[in-house]
Amino acid sequence: MVDALAPDPCDTVVELGCGTGANHGRVRDRVGPAGRYVGVDFSPGVLAVARERDPQGSFVRADATRPPVRPGGADACCAAFVSGMLPDPAAAVRTWADLVGPGGRLALLDLARTTRPGWRALNPGFRLFVRAGSPPGTAAALRRSPTAVLDRRVAAAHRELREGCTDVTAGTLAGGFARVSAGTVR
Ligand SMILES: C[S@@+](CC[C@H](N)C(=O)[O-])C[C@H]1O[C@@H](n2cnc3c(N)ncnc32)[C@H](O)[C@@H]1O
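Naming follows an unreviewed UniProt entry, where the protein appears as Methyltransferase domain-containing protein of Halorarum salinum.

Novice: Looking at this structure, I do not really get the overall build of the protein. What am I missing?
Specialist: Assigned secondary structure in the protein consists of 7 helices and 7 strands. Scanning the protein from its N terminus toward the C terminus, one meets helices and strands in the order α-β-α-β-α-β-β-α-β-α-α-α-β-β. Rg of the C-alpha trace for the protein: 16 Å, near the compact-globule value of 16 Å for 186 residues, within the 12% margin. In terms of principal-axis extent, the alpha carbons of the protein reach across some 45 × 35 × 25 Å. Of all 186 residues assigned to the protein, the portion counted as buried reaches 49%. Within the protein, residue pairs in contact and separated by at least 24 positions form 62% of the contacts whose partners lie at least 6 positions apart.

Novice: When you look at the UniProt feature "domain: Methyltransferase type" (unreviewed entry) in the protein in this model, what are you seeing that I'm missing?
Specialist: In this structure's numbering, the residues bearing the UniProt feature "domain: Methyltransferase type" (unreviewed entry) are residues 15-107. In this annotation, residues 15-107 is assigned 32% helix and 22% strand; the end-to-end C-alpha distance for the span is 10 Å.

Novice: I tried to follow the site of the ligand on my own but got confused; where do I start?
Specialist: Near the ligand, the surroundings consist of 18 residues, among which Gly17, Asp41, Asp63, Ala64 and Ala80 are the closest. Measuring from a nitrogen atom of the ligand, one finds a backbone N or O atom of Gly17 at 2.7 Å. With respect to the ligand, the backbone of Phe42 contributes an N or O atom lying 3.2 Å from a nitrogen atom. For the ligand, the accessible surface in isolation is 590 Å², of which the surrounding protein chains cover 81%. When each cavity is represented as a set of grid points, the ligand is found to reside in the largest pocket. In terms of residue class, the shell around the ligand is built from 11 nonpolar, 4 polar and 3 charged.

Novice: Sorry if this is basic, but what is going on with the sheet that holds strand S3 (residues 58-61) here?
Specialist: Hydrogen bonds along the backbone pair up the strands of a sheet, which may run parallel or antiparallel. Strand order in the open sheet formed by 7 strands is S3-S2-S1-S4-S5-S7-S6, and the pairing between neighbours is mixed. Strands at the two margins of the open sheet, each flanked by one partner only, are S3 and strand S6 (165-173). On average, adjacent strands in this sheet sit at an angle of 15° to one another, irrespective of strand direction. Relative to strand S7 (residues 178-185), S6 is paired through 7 bridges, and the arrangement is antiparallel. Across the sheet, Thr172 pairs through a bridge with Arg179, a residue of S7. Across the sheet, helix H2 (residues 24-31) is in contact with strand S1 (12-16), strand S2 (36-41) and S3; its angle to S2 comes to roughly 155°.

Calculation notes
Residue indices begin from 1 for each chain and proceed along its sequence in written order. Where local features are concerned, this predicted model is filtered to residues with pLDDT of at least 70; where side-chain atom pairs are given and counted, the filter is 80 or more; whole-chain, interface and lining totals use all residues. The basis for every side-chain value is the complete set of heavy atoms in the structure, and neither hydrogens nor water enter the calculation. Secondary structure elements are taken from DSSP: a helix is a run of H or I of four residues or more, a strand is a run of E of two residues or more, and numbering for both begins at the N terminus. Within these notes, the globule rule equals 2.2 Å times the number of residues to the 0.38 power, and the radius of gyration is based on C-alpha atoms. Each residue's exposure class comes from its accessible area (1.4 Å probe, protein chains only) as a fraction of the maximum for that residue type: buried when under 20%, exposed when over 50%, partly exposed otherwise. The contact definition used throughout considers only heavy atoms, calling two residues in contact when any of these lie within 4.5 Å. UniProt positions are given in the numbering used here, feature names are shortened, and annotations may be inferred rather than shown by experiment. One heavy atom within 4 Å of a molecule or strand is enough for the residue carrying it to be called near that molecule or strand. Here a polar contact means two N or O atoms within 3.5 Å. Within protein one must be a hydrogen donor candidate and the other an acceptor candidate, and residues neighboring in sequence count only if both atoms are side-chain atoms. Each accessible area is a Shrake-Rupley estimate made with a 1.4 Å probe; only the visible protein chains count as cover when residues are assessed. A pocket, in this scheme, is an open set of points on a 1 Å grid over the protein atoms alone with protein on both sides within 12 Å along at least 5 of 7 lines, while a cavity is a set where a 1.4 Å probe fits but cannot get out; residues line either one if an atom lies within 4 Å of a point. A pocket or cavity is taken to hold a molecule when more than half of that molecule's atoms are within 2 Å of the pocket's grid points. Lys, Arg, Asp and Glu make up the charged group, whereas Ala, Val, Leu, Ile, Met, Phe, Trp, Tyr, Cys and Pro make up the nonpolar group; the residues left over, Gly among them, are polar. At least two DSSP bridges between two strands are required for those strands to pair. Angles run from 0 to 180 degrees between N-to-C directions of axes, and those axes are lines fitted to C-alpha atoms, restricted for helices to the stretch in contact.

Set out below in structure tokens:
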């Protein structure tokens, strides 16, 4: 995802739903000492781990759908494995596009069922993986299979990025289960 985002050295990159900061080092490597990484997450537990990992890092507790960044306040935004957790991922992607403004960079990485012919046989296993990773009661609360909701949200987020960006790269990894999209905001 960070390679697809391709931030310039000195850029300010905001990662939405940064979790424990697993992507922080990769972004820092790309933006260099003059650049800036800001991780946003609403879970204090994961932010504590991220801060332990890098006490100098900027990790902010906030809602990724309403990040405390002024429009144009970032050069690039990215989110890994977050779109599927948002009720309206397309709206979130539009918000992130506003943060970076025209010419800014966006990238998404998400998991969803594969459409690759040779790999589709593994989709039932992926469904079990999603169900096992969902909090109890998720299916009842969503009134649909968590995997179907995940697929729909991931598709909506990546479609929004493609429609709102030029210079789009979109691809899959890991047998088609992982989707990466990136582009430059129009
Ligand atoms: C599956 S984890 C991925 C973490 C990280 N991006 C990574 O690649 O390791 C999803 C993260 O998104 C966060 N998250 C989900 N919805 C959020 C929201 N609306 N605002 C802020 N964080 C959110 C969760 O707290 C969690 O840390």
